[in-house]
Amino acid sequence: MKITVTLNGKTRTSDVEPRLLLIHYLREEAGLTGPHIGCETSLCGACTVEVDGKAVKSCAMFAVQADGRNVLTIEGLAANGTLHPVQEAFWNEHALQCGFCTPGMIMASKQLLERNPNPTEDEIRHGIDGNLCRCTGYQHIVNAVKAAASKMGA
Amino acid sequence: MIAQNFDYTAPASLAEALSLLASGEAKPLAGGMSLIPMMKLRLAAPDQVVDLGRIPELNYIRHDGGRVRIGATATHHQVATSTTVRSQCPLLAATAAQIGDVQVRNMGTIGGSVAHADPAADYPAALLALGAEVTVANAGGSRTLSIEDFLVDTFTTALEPGEIITEISVPAGGGSGCHYQKMLQPASGFAIVGIAVQVTASGGVIASARVGVTGLTGKAFRAHGVEAALVGKSAAGIAEAVAGIADGVDANSDIHASAGYRCQMARVHAGRAVAAALAKA
Ligand SMILES: Cc1cc2nc3c(=O)[nH]c(=O)nc-3n(C[C@H](O)[C@H](O)[C@H](O)COP(=O)(O)OP(=O)(O)OC[C@H]3O[C@@H](n4cnc5c(N)ncnc54)[C@H](O)[C@@H]3O)c2cc1C
Ligand code: FES
Ligand code: FES
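Residues numbered from 1 in each chain as written. Chains lettered and ligands numbered in written order. Predicted model: local features only at pLDDT ≥ 70, side-chain atom pairs only at ≥ 80, totals over all residues. Heavy atoms only, no water.

All names here are of chain A. Assigned domains of chain A: these are domain 1 (2-76) and domain 2 (85-153). Centre-to-centre separation of domain 1 and domain 2, based on C-alpha positions: 21 Å. Contact residues are listed per partner, giving 18 residues for domain 1 and 15 residues for domain 2. Taking both partners together, domain 1 and domain 2 bury about 1,200 Å²; carbon and sulfur atoms supply 58% of that area. The largest contributions to the domain 1 side of the interface with domain 2 come from H36, E50 and I74, which together make up 38% of the buried area. Between the two partners, domain 1 and domain 2, sit 1 salt bridge. (Domains from an automatic or database assignment. Contact = heavy atoms within 4.5 Å. Buried area = accessible area lost by both parts, 1.4 Å probe. Salt bridge = Lys/Arg side-chain N within 4 Å of Asp/Glu carboxyl O.)

In structure tokens, the structure reads:
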């Protein structure tokens, strides 16, 4: 089936099987390996991307559902070489160790801050509870989201 | 994990969707949060999938005729954040906000959740407590059922082949005396037990109560006995009034909670849910 997706701002037309998952389309067809496959069972959030501004787990969506929509992956977040404030905060606050969960964590954190620019610690933990991290123990991730919130609010 | 291949259509109107589904062979796809994982595991292997996600007339939330009417494809996020739902039936908004995680709430829909009839799903508890109605349609017409009649058993509803849910409605003016309390399974967020409570009260004494229970048994249910026992009680009498919530039920048992533990947790969380609802009434 022919689909046309606006992927990180660029239009891309591909011929895909309806059963192709969005994550496989992104990684294998479009060559965007930023979104990761962790669990493949819609629990870990490593595959999180935005579709029309909404954070989704791309292992639980078919690529055909994204036909005609805007898809944003971690690769599309930095503008002209300038990191998005959430990316910068993850770097500054040491919010990653192995980095496997990071692309998904950043996309979920971005969604949280768009909907709630000044979250409490509880709201941050609730906002990223669809994303698992096996390394950091989450504290530095929470710190990074707080830092990004104050930077974006400033 | 790759699903069996299928034909995919994404109709733009309800009429078109109903005609594609009329044969009863095709499977409707809404948010995909239950169906796609099942297709990946090949627990479901439909030959035809009809995506309801591009039908504007199925996606709405409005207040009319004394009811809050929610189109089948309204997402959990839309329900949780709708000012209409929050003001007219806050119990439903509070329940939607506790489903899964943000990614699941962005995609998953109220129609999909109710049609799936997962015994651990959150919505049924609130919909039972609120007296919801479910409108279903096929190519020949539509009918409206109470949520009690709609939910038949575990993963089983009153939907006939070719029928889809078009709307779920609840009475408006639900009032602030409500609370949804769940003990969740930490990995998925599904309810081990979930208790939805709507009460009215005057001077700290309960005048009426409606209690919906999910997760405890194969099918969500209304705890009529507990509702009656709560009338006339103040905060001090809640624990005794809810003590019978699991009496005579055939409780679920799985790796997350044994039947006995679930029953005990139902009593504990019912007490907390009623206390919280009464405090807000
Ligand atoms: C990680 C994760 C965590 C979750 N946690 C929770 C939780 O805590 N609580 C909870 O309640 N749920 C939870 N869910 C399930 C989630 O709420 C689903 O969104 C919901 O069960 C199904 O809705 P859907 O729109 O995604 O339906 P789909 O998955 O698209 O469809 C589900 C079923 O309903 C049918 N269907 C869909 N729409 C209609 C319609 N309008 N008419 C007739 N049939 C229809 C489909 O054919 C399919 O059989 C979770 C899911 C995931 C992946
Ligand atoms: S890979 Fe999609 S949620 Fe884990
Ligand atoms: S940094 Fe390793 S999984 Fe999160």
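From this point, the discussion proceeds with the structure in view.
Bringing the packing of helix 5 (residues 90-97) of chain B against helix 8 (residues 123-130) of chain B into the picture now. Residues and elements named next belong to chain B. Contact pair helix 5 / helix 8: the axes reach a minimum separation of 9 Å and the direction vectors enclose 175°. Relative to helix 8, the element helix 5 is oriented roughly antiparallel. Where helix 5 abuts helix 8, its residues L91, L92, T95 and A96 lie against Y123, A126, L127, A129 and L130. Residue composition of the contact of helix 5 with helix 8, by class: 8 nonpolar, 1 polar and no charged. (Axes fitted to C-alpha atoms, helices over the stretch in contact; angles between N-to-C directions. Helix = DSSP H or I, 4+ residues; strand = E, 2+ residues; numbered from the N terminus. Parallel < 35°, antiparallel > 145°, perpendicular 65-115°, else oblique. Nonpolar A, V, L, I, M, F, W, Y, C, P; charged D, E, K, R; others polar.)

Moving on: the confidence of the model for chain B. Across chain B, the average pLDDT comes to 97, with 100% of residues at 70 or higher. Scored by ipTM, the complex comes to 0.97, with pTM at 0.97. (pLDDT = per-residue confidence, 0-100.)

Another aspect to go through is the packing of helix 2 (residues 85-92) of chain A against helix 3 (residues 102-115) of chain A. All names here are of chain A. Between helix 2 and helix 3, the least distance of the axes is 9 Å, while the angle of their chain directions is 125°. Relative to helix 3, the element helix 2 is oriented oblique. Crossing geometry of helix 2 relative to helix 3 is assigned as right-handed. Along its contact with helix 2, which presents V86, Q87 and F90, the element helix 3 presents T102, M105, I106, S109, K110 and L113. For the contact of helix 2 with helix 3, the per-class residue count stands at 5 nonpolar, 3 polar and 1 charged. (Left-handed = near helix turned anticlockwise from the far one by under 90°.)

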